[in-house]
Amino acid sequence: MSSASADENCLGWAARDASGILSPYKFSRRIVGHDDVSLTITHCGVCYADVAWTRNILGHSKYPLVPGHEIVGIVREVGSNVNRFKVGDHVGVGTYINSCRECDYCNDGLEVHCLKGAIFTFDSIDVDGTVTKGGYSSHIVVHERYCFRIPEKYPLALAAPLLCAGITVYSPMVRHNMNQPGKSLGVIGLGGLGHLAVKFGKAFGLHVTVFSTSPSKKEEALILLGADKFVLSSDEQQMTALDQSFDFIINSASGDIPFNPYLSLLKTAGIFVLVGFPSEVKFSPGNLIMGMKTICGSVTGGTKQTQEMLDFCAAHKIYPEIEIIPIQYANEALERLTKRDVKYRFVIDIASSLR
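Here's what I pulled together on the structure shown here. (Residues numbered from 1 in each chain as written. Predicted model: local features only at pLDDT ≥ 70, side-chain atom pairs only at ≥ 80, totals over all residues. Heavy atoms only, no water.)

### Quick look at the overall build of the protein chain
The criterion, for reference: Helix and strand definitions here come from DSSP, where helices need a minimum of 4 consecutive H or I residues and strands a minimum of 2 consecutive E residues; each element is numbered from the N-terminal end. Each residue is assigned to one of three classes by its accessible area relative to the maximum for its type, calculated with a 1.4 Å probe on protein chains only: buried under 20%, partly exposed between the two thresholds, exposed over 50%. Each accessible area value is a Shrake-Rupley result obtained with a 1.4 Å probe; residue values ignore everything except the protein chains displayed when judging cover.
The secondary structure content of the protein chain amounts to twelve helices and 17 strands. For the protein chain, the spread of C-alpha atoms along the principal axes amounts to about 65 × 40 × 35 Å. When the 355 residues of the protein chain are sorted by exposure, 56% land in the buried category. With the model as given, the accessible surface of the protein chain reaches about 15,200 Å², and the carbon-plus-sulfur share is 53%.

Have a look at this one:
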C-alpha cells in the first residue's frame with residue numbers, strides 16, 4: 001500500500017516542561033516502512049508512568065513529551081512485508097515499540113528485557129535518532145512485531161489498560177505458576193494493577209485475598225471484583241491470623257509498606273512479587289531463609305505473553321474497570337492519579353475528543 005507522507009501532521013497532547021501540563025501539539029510520524037503498521041488511535045490508557053515522565057520525576061525527560069503506552073486503535077495502513085495485520089484490524093501497542101531483535105531475550109519473545117535495551121513507546125531514542133512519542137495522539141507507526149491483535153468483539157476502550165497494567169501482573173503470575181486452581185493469592189493494593197491481579201487470580205481459580213489500608217475498599221474488593229477475602233493490613237490481629245497461609249503475594253502498591261509482616265504470611269516456598277515502585281524494600285533475611293521464600297520483581301512482558309494475555313482476557317471475559325475521559329481532561333486525570341482518585345484506570349477516548 002502507499003506510504004503515508006513524512007510531512008503528515010500528527011496531532012497530540014504534550015508536556016513542554018517539568019510542570020507536566022499537557023496541551024495540543026503537532027508533530028510528524030515517520031513514513032510507514034515495509035514492516036510497519038500505522039494505526040489510528042481510538043483510545044489510550046493513563047498510567048502513572050505518564051505522570052512520572054511528564055513531570056520529569058526520574059530526571060531524564062525530553063520535551064516536548066507526548067505520553068501514553070496503553071494504545072489501541074484501528075489499522076489504517078501496513079507496509080509491504082506485513083502479513084499479520086490488514087487495514088481495519090483492531091490492534092494494540094504497549095510499553096515498547098522496538099528492540100534489537102537479536103539477543104537471547106528478543107529471540108525468546110522477551111523483548112522488554114532486550115540486552116541492548118527495549119525502546120519505549122514514549123521518550124526513548126529510536127534507532128533513527130528520533131524521540132518516541134506516545135498514544136496521547138491521533139496515530140502511531142510501529143513495527144508489526146510490537147503490535148498486538150485485539151480479539152474480535154473485545155471493546156477497544158477496555159483493551160487499553162491491559163497493555164501495561166494487565167500484562168504487568170499477568171506476566172509474573174504465569175511465570176511463577178500462580179495459575180494453579182486452589183492455591184492462595186494475596187494482592188496488596190487495589191489500584192490499576194491490583195484490581196486486574198484480583199481478576200486474573202479468580203480466572204485462574206485461586207483463592208484471592210485483598211490487603212488494603214482503606215476499609216472503604218472492602219465492598220469493592222468483595223462485591224465488584226469478586227475477591228474471596230478482604231484484610232485491613234493495619235489490623236495486626238487480622239494479619240497475624242493469616243500467618244503462613246499464602247502461596248503467592250503480589251504487591252501492586254507503590255507506597256512504602258513493611259515487608260516483614262507480609263513475608264510471614266507466605267507458606268514454605270511462597271513467592272512475593274513486586275510490581276509496584278516503593279521507595280525502598282527492607283526486610284529481615286531470616287524471613288526468606290527460614291521457609292525457602294522468594295521475593296522478586298517484574299515489569300510488563302514480552303510480545304508472545306502479551307498476545308497470550310489479551311486472548312486469555314477475551315476467552316474468560318476479563319475486563320478492566322475504567323473511567324473514560326476526553327483528552328481535554330488529561331491534566332485533571334493525571335492530577336487525580338497522583339491522589340489515587342480513580343477506579344481503576346482512566347482511558348482517554350482519543351477518537352471522539354482529539355481535534
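### Examining the sheet that holds strand 12 (residues 229-232)
To summarise the sheet geometry, strands pair through backbone hydrogen bonds and adopt either a parallel or an antiparallel arrangement. Defined as follows: Here, any two strands with at least 2 DSSP bridges between them count as paired. Axes, fitted as lines to C-alpha atoms, cover a helix only where it is in contact. Angles between the N-to-C directions of the axes lie from 0 to 180 degrees. By definition in these notes, contact holds between two residues if any of their heavy atoms fall within 4.5 Å.
Spatially, the six strands line up as an open sheet ordered 12-11-10-13-14-15, and their pairing is parallel. Taken across any chain shown, the strands that pair with only one partner, and hence form the sheet edges, are strand 12 and strand 15 (294-297). Each strand of the sheet is rotated relative to its neighbour by a mean of 20°, with strand direction disregarded. Sheet topology places strand 11 (residues 207-212) next to strand 12; four bridges connect them, and they run parallel. Directly across from Thr209, in strand 12, lies its bridge partner Lys229. Across the face of the sheet, helix 6 (residues 217-224) comes into contact with strand 11 and strand 12 while running at roughly 165° to strand 12.

### Notes on the state of the cysteines
The cut-off we apply is this: Counting rule for disulfides: a pair of cysteine sulfur atoms within 2.5 Å.
For the structure shown, the criterion picks out zero disulfides. In this model Cys47 remains outside any disulfide bridge; the closest cysteine sulfur is found in Cys164, 3.9 Å from its own. By relative accessible area, Cys47 is classed as buried at 9%. Here Cys114 stays unpaired: no disulfide links it, and the sulfur of Cys100, its closest cysteine neighbor, is 3.5 Å away.

### Quick word on the pairing of strand 17 (residues 345-349)
This is how it is decided: Call a crossover right-handed when, viewed with both strands pointing away from you, the route from the first strand across the helix to the second goes clockwise.
Most of strand 17 sits out of view: five of its five residues are buried. Here strand 17 shows two buried faces, one formed by Arg345, Val347 and Asp349 and the other by Phe346 and Ile348. Judged from the three bridges that link them, strand 3 (residues 36-45) and strand 17 form a sheet pairing that is antiparallel. Residue pairing for strand 17: His43 is matched across the bridge by Asp349. Of the crossover connections in this fold, the one passing from strand 16 (residues 322-325) over helix 11 (residues 330-338) to the parallel strand 17 is right-handed.

### Considering the packing of helix 4 (residues 165-175) against helix 5 (residues 192-203)
In plain terms, the rule: Here the angle decides the label: under 35 degrees means roughly parallel, over 145 means roughly antiparallel, 65 to 115 means roughly perpendicular, and every other value means oblique. Crossings are classed by handedness, with left-handed meaning an anticlockwise turn of the near helix from the far one by less than a right angle and right-handed meaning a clockwise turn. Under the scheme applied, nonpolar residues are Ala, Val, Leu, Ile, Met, Phe, Trp, Tyr, Cys and Pro; charged residues are Asp, Glu, Lys and Arg; polar residues are all the others, including Gly.
Helix 5 packs onto helix 4 with a crossing angle of 50° between their chain directions and a minimal axis gap of 8 Å. Overall, the two elements helix 4 and helix 5 adopt an arrangement that is oblique. In this structure, helix 4 crosses over helix 5, and the sense of that crossing is right-handed. Along its contact with helix 4, which presents Ala165, Gly166, Thr168, Val169, Tyr170 and Met173, the element helix 5 presents Gly192, Leu193, Leu196, Ala197, Phe200 and Gly201. Tallied by class, the residues present in the contact of helix 4 with helix 5 amount to eight nonpolar, four polar and no charged.

### Observations concerning a nonpolar patch on the surface
Applied cut-off: Grouping into patches uses exposed residues only, defined as over 30% relative accessible area, and leaves out salt-bridged ones; the cut-off is 9 Å for like charges and 5 Å for nonpolar side chains (Val, Leu, Ile, Met, Phe, Trp, Tyr). Salt bridge, as applied in this entry: a Lys or Arg side-chain nitrogen positioned within 4 Å of an Asp or Glu carboxyl oxygen.
Among the surface-exposed residues, Tyr48, Ile57 and Leu58 lie close enough to one another that they form a single nonpolar patch of about 310 Å² accessible area. Among the secondary structure elements, Tyr48 is positioned in helix 1 (residues 48-54).

### Considerations on the packing of aromatic side chains
What counts, and what does not: Any two rings among Phe, Tyr and Trp, with Trp reduced to its six-membered ring, count as a pair given centres within 6.5 Å; such a pair is stacked if its planes are under 30 degrees apart, edge-to-face if over 60, and tilted if neither. Placement of a positive charge over a ring is assigned whenever Lys NZ or Arg CZ falls within 6 Å of the ring centre and within 35 degrees of the normal to the ring plane.
In this structure the tally under the stated criterion is 13 aromatic pairs. Summarising the aromatic geometry, the rings of Phe200 and Phe312 are spaced 6.3 Å apart at their centres and angled 45° between planes, so their arrangement reads as tilted. Taken together, the positions of Phe200 in helix 5 and Phe312 in helix 10 (residues 303-316) put the pair 112 residues apart, joining distant regions of the chain. Overall, the relative accessible area of 13% leaves Phe312 in the buried class. Among the aromatic residues, those joined into a cluster by ring pairs are Tyr170, Phe200, Phe204 and Phe312. The ring of Phe27 has Lys133 lying over it, and the distance from NZ or CZ to the ring centre is 5.8 Å.

Don't take any of this as a statement about function, it's just geometry.
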